[in-house]
Amino acid sequence: MAVCETCGNDYEMAFEIRAQGASHTFDSFECAIHKMAPRCEHCGVTIIGHGHQVDGRFYCCAHCAGASTVDHA
């Protein structure tokens, strides 16, 4: 069995995700998303879909990307 790095649950059906040269072990997609998904730089929501990336910054939607551009002007 393997231990989830997010919640510490020791689970027989844990899985591994490899990203950016590192290996991560989780017991659920929920824990994987909590640990690995980026957060919107404007509103803080977890970005589970494609989102928007502007100048290396992540946003959940076009509205937040535009609003954040105004905030940084």
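One can find the structure itself at the top, above this paragraph.
Predicted, not measured: the structure shown is a model, and the values here were computed from it.

Conventions and cut-offs
- Residues numbered from 1 in each chain as written.
- Predicted model: local features only at pLDDT ≥ 70, side-chain atom pairs only at ≥ 80, totals over all residues.
- Heavy atoms only, no water.
- Helix = DSSP H or I, 4+ residues; strand = E, 2+ residues; numbered from the N terminus.
- Rg over C-alpha atoms; globule rule 2.2 N^0.38 Å.
- Buried < 20%, exposed > 50% of the residue type's maximum accessible area, 1.4 Å probe, protein only.
- Contact = heavy atoms within 4.5 Å.
- Areas by Shrake-Rupley, 256 points an atom, 1.4 Å probe, with all protein chains shown as cover.
- Lys, Arg positive; Asp, Glu negative; His and termini not counted.
- Charge placed at Lys NZ, Arg CZ, Asp CG, Glu CD.
- Patch = residues over 30% accessible without salt bridge, like charges linked within 9 Å, V, L, I, M, F, W, Y side chains within 5 Å.
- Salt bridge = Lys/Arg side-chain N within 4 Å of Asp/Glu carboxyl O.
- Core = buried A, V, L, I, M, F, W, Y, C linked by side-chain atoms within 4.5 Å.

A. Looking closely at the overall build of the chain. Of the regular secondary structure elements, the chain holds two helices and six strands. Reading the secondary structure of the chain in the N-to-C direction produces β-β-β-β-α-β-β-α. Here the C-alpha radius of gyration of the chain, 15 Å, is well above what a compact globule of 73 residues would show, namely 11 Å. The dimensions of the chain, computed from C-alpha atoms along their principal axes, are 50 × 20 × 15 Å. The buried share of the chain, reckoned over its 73 residues, is 19%. Counting only contacts in the chain whose residues sit at least 6 apart along the sequence, the fraction spanning at least 24 positions is 11%. Roughly 5,200 Å² of accessible area belongs to the chain as shown, and the carbon and sulfur atoms make up 53% of that amount. The positive charge centre, built from 4 side chains, and the negative charge centre, built from 9, are 6 Å apart in the chain.

B. Region of interest: a nonpolar patch on the surface. Together, Phe29, Ile33 and Ile48 make up an exposed nonpolar region whose accessible area comes to about 340 Å². Mapped onto the secondary structure, Ile48 falls in the loop between α1 (29-36) and β5 (52-54). A residue is classified by how much of its surface remains accessible, and Ile48, at 63% relative accessible area, is exposed.

C. How the structure looks around the nonpolar core. Formed by Cys40, Ile47, Tyr59, Cys64 and Ala65, the largest nonpolar core amounts to five residues. Apart from the residues within four sequence positions on either side, Tyr59 is in contact with Cys40, Glu41, His42, Ile47, Gly51, His52, Val54, Cys64, Ala65 and Ser68.

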